[in-house]
There are 4 protein chains.
Amino acid sequence: MEKVTRFGVSIPIDLAKTFDSAIHKKGYKNRSEAIRDIIRDYLVEIQWQNPENIVMGTVTIVYDHHTRELTSVLSEMQHKYYESIICNTHVHFNEHDCLEVIIVKGKGAMVQEIADRLISIKGVKHGKLVCTTTGKTIK
Amino acid sequence: MEKVTRFGVSIPIDLAKTFDSAIHKKGYKNRSEAIRDIIRDYLVEIQWQNPENIVMGTVTIVYDHHTRELTSVLSEMQHKYYESIICNTHVHFNEHDCLEVIIVKGKGAMVQEIADRLISIKGVKHGKLVCTTTGKTIK
Amino acid sequence: MEKVTRFGVSIPIDLAKTFDSAIHKKGYKNRSEAIRDIIRDYLVEIQWQNPENIVMGTVTIVYDHHTRELTSVLSEMQHKYYESIICNTHVHFNEHDCLEVIIVKGKGAMVQEIADRLISIKGVKHGKLVCTTTGKTIK
Amino acid sequence: MEKVTRFGVSIPIDLAKTFDSAIHKKGYKNRSEAIRDIIRDYLVEIQWQNPENIVMGTVTIVYDHHTRELTSVLSEMQHKYYESIICNTHVHFNEHDCLEVIIVKGKGAMVQEIADRLISIKGVKHGKLVCTTTGKTIK
């Protein structure tokens, strides 16, 4: 059982109302649970700001695998960074389009670099990096 | 070979400079490639604004699998939405922490709901939804 | 709580001894648990013998992604069968070698065909199909 | 371009006929391609016989996630071996059944142990290990 600390927070009534309605829609049962998640999100961001910290990222890309040489370029790029890439999962939508999620672990700057390189490859239609954490430093 | 159209764009010099430096860092070879990606990103967002469109999402979550009943709750929740969840990929970092990426396909409102439900579960330390596309509507 | 039936089985002493030592090594706690698994395995095989039954398979392949055109050929082949392939997971070992697991659902004959086609592609160093089940028909 | 050696093989005519018909069905274009794959398969087996060699395995399991405590037991077990497990991919079939593929890297004896432990867990309906290789030692 984890120990919990309690503390008071004062915020404007209107802000509280908007917040309550937003977190209710998200499925949170109370403000504390939502606040905990927001604090963790903030801590993850701080972890990423120090480029020496080991962080996790997931890179989602969508592309048409018929684009000339694209599958080779993507494969080559990922193997270049193989020490940081844990695995990737690929879904084939139809005869053309694919979604791929690449799970990356490493220093923040490296994970960002890998995401940038993959997303900017010609033929990648859409791409996004999620900056997250190994979970060790947030409780 | 895909057909291409060309058009002129006028933007403030300072904005262009900042833009050039940003896209150079991201690895884009020229402005056109970067502009194409930004336009696609914008179109993906619009697709999501219509809750009836079929879209794709990837939900990244980090959690400690020792949290009481968490693995059962996550599993139960995902099976409830099994028709929209294509697969999930799970990485075990250490004896406690995991990262999971859940790939979801469905109407925008449904994908958002699944992400909200998963991320707000007690014990999920960090979670993010990437809103993306099946690729059919953007070229 | 699932209902259980009990029945006697008579087998030669020597066979029982070899069996006990084998299942002990595998981690089974008693003969019943092991027998249950063997019976299920047998039922899965029977499901596969009827080519009309819907079954599951996982195809594991190992290859060097530098082999000329291999990544394109693999990608093309998988998209051809996209309606039967749920997803694939890819691990990059080093700058050359990859392991890929493709999860397939469909009629037995189709799943077998996809596995055969993938494994026999020139440049795929090693490949194996696991014939399994959607789980519905075995308890 | 890889160098190739040629050598003659003499086998009984009937064996050759059966072999030809089998490999034709599998999609091989000629005997050499099929023989190459069989030799690699044989070498992978030998690699596994030395328990000190680093090998790869994929473990496919099917289970009903409602089985009491099964998801926790599976998660606990996988985290115990987290240094050998690279990732796992999970597919939800319906409200009950799941297929999971666990990708494992380590000494042969360890990979076998992980597979045995996972497959023999009560509630796992069906499970199979594919013994494969990191690809380095076979060309």
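Residues numbered from 1 in each chain as written. Chains lettered and ligands numbered in written order. Predicted model: local features only at pLDDT ≥ 70, side-chain atom pairs only at ≥ 80, totals over all residues. Heavy atoms only, no water.

Chemist: Is there a simple way to explain the relation of the copies chain B and chain A in this structure?
Modeler: Between the two copies of the chain lies a rotation about an axis combined with a shift along it. Rotating chain B by 180 degrees and translating it 0.0 Å along the rotation axis places it on chain A, where the RMSD comes to 0.0 Å. Here the copies are linked by what is in effect a two-fold axis. Same-surface contact between copies: 100% of interface residues of chain B are shared with the interface of chain A. (Least-squares fit on C-alpha atoms with pLDDT ≥ 70 in both. Contact = heavy atoms within 4.5 Å.)

Chemist: Explain the confidence of the model for chain A to me, please; I cannot follow it from the model alone.
Modeler: Do not read the predicted coordinates in detail wherever pLDDT is low. On average, residues of chain A score 86 in pLDDT, and 96% of them are at 70 or above. Both confidence scores are given for the complex: pTM 0.82, ipTM 0.83. (pLDDT = per-residue confidence, 0-100.)

Chemist: Help me understand the interface of chain C and chain A in this model?
Modeler: Size of an interface, as often reported, equals the accessible area lost when the parts are brought together. Listed as interface residues are 23 residues of chain C and, on the opposing side, 23 residues of chain A. Together chain C and chain A conceal approximately 1900 Å² of surface at their shared face, both sides included; 53% is due to carbon and sulfur atoms. Broken down residue by residue, the surface that chain C buries against chain A is led by His79(C), Tyr82(C) and His92(C), which jointly contribute 35%. Taken together, the connections running from chain C to chain A amount to 0 salt bridges. Counting across the interface, chain C meets chain A through 13 residue pairs in polar contact (both at pLDDT 80 or more). Taken together, the elements giving at least two residues each to the side of chain C that touches chain A come down to helix 3 (70–80), strand 2 (85–92) and strand 3 (97–107) of chain C. When residues of the side of chain C that touches chain A are assigned to their parent elements, the largest contribution, 8 residues, is made by strand 2 of chain C. Grouping the constituent residues of the side of chain C that touches chain A by class yields 7 nonpolar, 13 polar and 3 charged. (Buried area = accessible area lost by both parts, 1.4 Å probe. Salt bridge = Lys/Arg side-chain N within 4 Å of Asp/Glu carboxyl O. Polar contact = N/O pair within 3.5 Å; in protein donor to acceptor, adjacent residues only side chain to side chain. Helix = DSSP H or I, 4+ residues; strand = E, 2+ residues; numbered from the N terminus. Nonpolar A, V, L, I, M, F, W, Y, C, P; charged D, E, K, R; others polar.)

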